[in-house]
Amino acid sequence: MEKYTLVVNGKKHQIETESDMPLLWVLRDILSMKGTKFGCGQALCGSCTVLLDDEAIRSCAYPISEVGDQSITTIEGLSKDGNHPLQKAWVDHVVPQCGYCQTGQIMNAAALLKRNSNPSESEIESAMAGNICRCGTYNRIKEAIITASKSY
Amino acid sequence: MMPKFPFLKTKDPENKSKVFVPSRRDFLKLSSLATGGFILGVNFQCSGPKGELITFAPNVFITIDSDNLVTIIAHRSEMGTGIRTSLPMIVADELGADWSKVKIVQAEGDEEKYGDQNTDGSYSVRMFYEPMRKAGATARHMLITAAAAKWGIAASECHTEDAQVVSSGGKKIKFGDLVEQLKTMEMPDPETVTLKDFSSYKLIGKDVAIYDAHDMAKGEAKFGADIDLPGMQIAVIRRCPVVGGKVKSFNDEKALAVPGVNRVVKIEGAGIPPGLDKPLEGVAVIADNTWAAMKGRDVLEIEWDLGENQNYSSAKQLEEMLKSTSGNGQVRRERGNFNTAQQASGQIIERTYVAPFYAHATMEPPAAIAHVHGDGTCEIWAPTQHPQWARQAVAQALEMDYQNVKMNITLLGGGFGRKSKPDFVVEAALLSKAAKAPVRVQWTREDDLHHDFYHAQSAQRIRAVLDKNGNLSGWNHHTVFPAIGATANSAEIHPSDGELGLGCIDFPYEVPNIRIETHESKAHTRIGWLRSVSNIHHSFAINCMLDEIAEAKGVDPVDFVFNLLAEDKDLDFAGELKGDFGNYGEPLDKFPWNTRRLRGVIEKVAQEANWKKALTDGKSVGFAVHKSFLTYVACIVQVEKGSNGQIIIPEVHYAVDCGIGVNTDRIRSQFEGGAQFATSLVMTSAITFENGRVQQNNFDGYQVIRMPQSPKKIHVHIVDSMEKPTGVGEPPVPPFIPALCNAIYKLTGERIYQLPFKS
Ligand code: FES
Ligand code: FES
């Protein structure tokens, strides 16, 4: 067991865990933050996407020992009251079906808008290609990102 | 005999109306609520204007309290169809509630109280449209009677809106202020209350956003694995890689040495047949957290007795299945005499179609939480489509009365039929009992793909006979696939009537000689139902064949199919079927098989997609039409070559006749999602077995489409209809598959006879 200090959504947490535990399970099982989802455990689906500084990462395949002092943003910390332009656009376009993939989609889109505030349709498609939505909400995700980019 | 599949269950009208017998006619005071659990989830903290919260509960679906809070129960499982919104909004509309302030509470699994909760077979709206309206209307009727009495005017002068009763003279009173007065009022008979006129609905027939959208966008929506209980342990299970296998021996030393691992427990499987509601044989590692459990599982040493399926190869079986279709099978429908037609033929077109096993791959892998208490009771939290089945299966496994099993339903991160089966819920219950603690069972993606209840692989052969005048005079359809029923009864080696009723036996076209035959095949794995079930492969084969016949005749496939329906009529297949026609559990007189409605969607889609022009413009467009789950759907798909030669789907048009469209936004979203789902079935997904084991491990092996491959513009044209509403969860999938295949043929010149098609 190792000791780590994590900054999650601006808040410091002291935790003690095995060094190979992926960030996903630290968030879900130890910090009890359930917004970040488990979909594949192999960096193949994007359900577990969080931001490490401004970069989107797959937390299921990111060991806690690699986090260092980079700050973590999860869906719970993306905005106060769910008013990030992406979250608003997600509601306006009624994007979710089952909703399970959507927090990962939103976090991945947040990273996209941070580096490209006005992405084209094909830029959105390739940036979001790592995030699976089995319900097939791709069309509305795309529309919502375009809407959000306008008020970003 | 109708097979006893939950998705085809014949509806029992007695049970339906039972939901209206108010369980408690009188008013429930706050004190009694706290223990009664009758409206679990309502905020008990608030106090009413008179210091005491009084709650009016005219039936199990509605409560109105003196603080004016209207709570509506959602009793069907939410897996992405929006049903948690669409049924409560029907109640709210009849009631005249203020939708923006309505609170929706998920019912626990209790069929005696709420009626059927098995969320499957696209039948929630079909089954509950009427009952939900009556539930709302009953409460509205009582509120209006109370207000009219208070004001000394006739009830006919009053209506409800925004959670108030309003008189024609302009008087207004909040629902909550009438609650006290309702104490002494008689309950009207829900069967005779007057329902609103359709034109006065404010929600039904409109786009209504889902209730959970905000929570989902904020990460606050609670799915199966999101419930935390104090002292909860996490279990991950190594299940036998071959269905029917057993644990010979295991060594848990290394697993127990992993920090955080507390216990290793063997789970007994049913063997062969594996059963639809039983766990598979395996060994569970129970730990403080998910990661420790996974690591413990990695180092488990298990010696398996793999059993009779250990040499199973799906490719070999498929070959045999395909071969069998050239012989005589069991005749399941016969019209005229196919042999005579064949002898008099001008041309025979014979084609075979094969489709693979598919996994559900719900985005949320199965997970469930159980807490078995020492006093012989148990509480479950699970993303289940079928609460009652799960409750019964748990009760059976724990040998307790099902009344002692409390079944809480979380949101489902996708269902598609997978989460009808309660095997994973039973696992949680057994492990909680063993660990004497609350336990969450967590399936990994590998577990999910290796141990699913798969959509069966299939082989089909269709012989189409054109007579000397070029008319389609004979149709001989052979179909073979391991039956769902075989999962519970190995003696089932032919597709059941129920499975044939899914788009095969009900071939609706006016062909004078029809013979439909099935062949034998055994199940060597667990077979289940996947979004639209055997409509998937039947629609693929039939619609691809019709397209090819039209081409052989040199006619437009849309015109060909339209004309093949001959005059408008209700089909009953009388005298032709060798078994029963299930009609999705509904009597034909109530839900006729109407060819006019099928034609209606053909006309509509051709017009909206500008079909003729697309053809003359040389676009690669494909068409198909298919009725399933009592909903009529036609589809036109357009494809193009992308810059790397890959296939792109720029545009899709759907026309749908699902009767009254209850929540039009969710109808569209189901069609959008259905097109995406079906694209995966055509382009990317397949499960195969060698040595009895599934060869795909994760989303790298079992691929589903991603955004760049997804159909770009999906237009959903809903036919204006006042027919009884029918479901839309599954019907988008079947016609899309052949429409896409037919479009790809236009683009590449190659017909698709085998799914998935890899470009
Ligand atoms: S769970 Fe991390 S990418 Fe799938
Ligand atoms: S909304 Fe269900 S997986 Fe994306």
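What counts and what doesn't
- Residues numbered from 1 in each chain as written.
- Chains lettered and ligands numbered in written order.
- Predicted model: local features only at pLDDT ≥ 70, side-chain atom pairs only at ≥ 80, totals over all residues.
- Heavy atoms only, no water.
- Helix = DSSP H or I, 4+ residues; strand = E, 2+ residues; numbered from the N terminus.
- Rg over C-alpha atoms; globule rule 2.2 N^0.38 Å.
- Buried < 20%, exposed > 50% of the residue type's maximum accessible area, 1.4 Å probe, protein only.
- Contact = heavy atoms within 4.5 Å.
- Areas by Shrake-Rupley, 256 points an atom, 1.4 Å probe, with all protein chains shown as cover.
- Lys, Arg positive; Asp, Glu negative; His and termini not counted.
- Charge placed at Lys NZ, Arg CZ, Asp CG, Glu CD.
- Axes fitted to C-alpha atoms, helices over the stretch in contact; angles between N-to-C directions.
- Parallel < 35°, antiparallel > 145°, perpendicular 65-115°, else oblique.
- Nonpolar A, V, L, I, M, F, W, Y, C, P; charged D, E, K, R; others polar.
- Domains from an automatic or database assignment.
- Buried area = accessible area lost by both parts, 1.4 Å probe.
- Salt bridge = Lys/Arg side-chain N within 4 Å of Asp/Glu carboxyl O.
- Polar contact = N/O pair within 3.5 Å; in protein donor to acceptor, adjacent residues only side chain to side chain.
- Core = buried A, V, L, I, M, F, W, Y, C linked by side-chain atoms within 4.5 Å.
- Disulfide = S-S within 2.5 Å.
- Pairing = 2+ DSSP bridges.

1. Things to note about the overall build of chain B
Summing up its helical and strand segments, chain B has 20 helices and 30 strands in all. Over its C-alpha atoms chain B spans a radius of gyration of 27 Å, differing by no more than 12% from the 27 Å that the globule rule assigns to 759 residues. The principal-axis extent of the C-alpha atoms belonging to chain B is close to 85 × 75 × 50 Å. Sorting the 759 residues of chain B into buried and exposed places 65% on the buried side. By sequence separation, contacts in chain B at least 24 residues apart represent 78% of the contacts at least 6 residues apart. As displayed, chain B offers around 25,900 Å² of accessible surface, 47% of which is attributable to carbon and sulfur atoms. Mean positive and mean negative side-chain charge positions of chain B (83 and 93 charges, respectively) differ by 1 Å.

2. Some thoughts on the packing of helix H5 (residues 138-150) of chain A against helix H19 (residues 664-683) of chain B
Axis separation between H5 of chain A and H19 of chain B bottoms out at 8 Å; the angle between their running directions is 110°. Accordingly, the angle class assigned to the pair H5 of chain A and H19 of chain B is roughly perpendicular. Contact residues: H5 of chain A offers Tyr-138, Asn-139 and Arg-140 of chain A, while H19 of chain B offers Asp-665, Arg-666, Arg-668, Ser-669, Glu-672 and Gln-676 of chain B. Tallied by class, residues from the contact of H5 of chain A with H19 of chain B come to one nonpolar, three polar and five charged.

3. Overview of the domain arrangement of chain B
All names here are of chain B. By domain assignment, chain B separates into domain 1 (18-218), domain 2 (232-308 + 366-442) and domain 3 (314-359 + 453-748). Taking the mean C-alpha position of each, domain 1 and domain 2 sit 38 Å from one another. Contact with domain 1, which involves 18 residues of that partner, is made by 17 residues of domain 2. Here domain 1 meets domain 2 over a buried area of about 1,400 Å², counting both sides, of which 47% is carbon and sulfur. Across the domain 1-domain 2 interface, the total number found is one salt bridge. With a shortest N-O distance of 2.9 Å, Lys-406 and Glu-108 are connected by a salt bridge. Between domain 1 and domain 2 we count nine residue pairs in polar contact (both at pLDDT 80 or more) in total. Class assignment for the residues of the side of domain 1 that touches domain 2 results in four nonpolar, six polar and eight charged.

4. Observations concerning the interface of chain B and chain A
The interface is formed by 63 residues belonging to chain B together with 50 residues belonging to chain A. In total, chain B and chain A occlude about 4,600 Å² of area from one another, counting both sides; carbon and sulfur atoms represent 58% of this. Taken as a group, Trp-291, Met-363 and Met-707 of chain B account for 18% of the area that chain B buries against chain A, more than any other trio of residues on that side. Connecting chain B to chain A are 29 residue pairs in polar contact (both at pLDDT 80 or more). Top contributing element to the side of chain B that touches chain A by residue count: H19 of chain B, with ten residues. Considering only residue class, the side of chain B that touches chain A consists of 29 nonpolar, 18 polar and 16 charged.

5. Some remarks on the nonpolar core
One broad trend across soluble globular proteins is that nonpolar side chains are buried collectively. Counting residues in each nonpolar core, the largest one holds 196 residues, and the members touching the most others are Trp-90 and Ile-145 of chain A together with Trp-475, Tyr-509, Ile-549, Phe-623 and Phe-736 of chain B. The residues contacting Ile-145 of chain A, other than those within four sequence positions of it, are Leu-86, Trp-90, Ala-109, Leu-112, Leu-113, Pro-119, Ile-124 and Met-128 of chain A.

6. Quick look at the state of the cysteines
When the sulfur atoms of two cysteines share a covalent bond, that bond is a disulfide. Residues and elements named next belong to chain B. Under the counting rule described, the total for this entry stands at zero disulfides over all chains. In this model Cys-741 remains outside any disulfide bridge; the closest cysteine sulfur is found in Cys-544, 4.4 Å from its own. Residue class for Cys-741 comes out buried when judged on its relative accessible area of 2%.

7. Things to note about the sheet that holds strand E7 (residues 164-167) of chain B
All names here are of chain B. Ordered by their spatial adjacency, three strands build an open sheet running E6-E7-E8, and the pairing between neighbours is antiparallel. Looking at which strands have only one partner, the edges of the open sheet turn out to be strand E6 (158-161) and strand E8 (172-174). The average angle at which neighbouring strand axes cross in this sheet is 25°, direction not considered. Here three bridges tie E7 to E8, and the two strands are oriented antiparallel to one another. In the strand pairing of E8, Val-166 is matched with Lys-172.

8. Observations concerning the sheet that holds strand E19 (residues 439-442) of chain B
Paired through backbone hydrogen bonds, the strands of a sheet run either parallel or antiparallel to each other. Residues and elements named next belong to chain B. Taken in spatial order, the seven strands of this open sheet run E11-E12-E9-E19-E16-E17-E18, and their pairing is mixed. Taken across any chain shown, the strands that pair with only one partner, and hence form the sheet edges, are strand E11 (261-267) and strand E18 (405-409). Neighbour-to-neighbour, the strand axes of the sheet open up by a mean angle of 20°, direction not taken into account. Strand contacts of helix H12 (residues 423-435): strand E9 (233-239), E11, strand E12 (282-287), strand E16 (367-372), strand E17 (378-382), E18 and E19, with the helix running at about 40° to E16, the strand carrying the most contacts.

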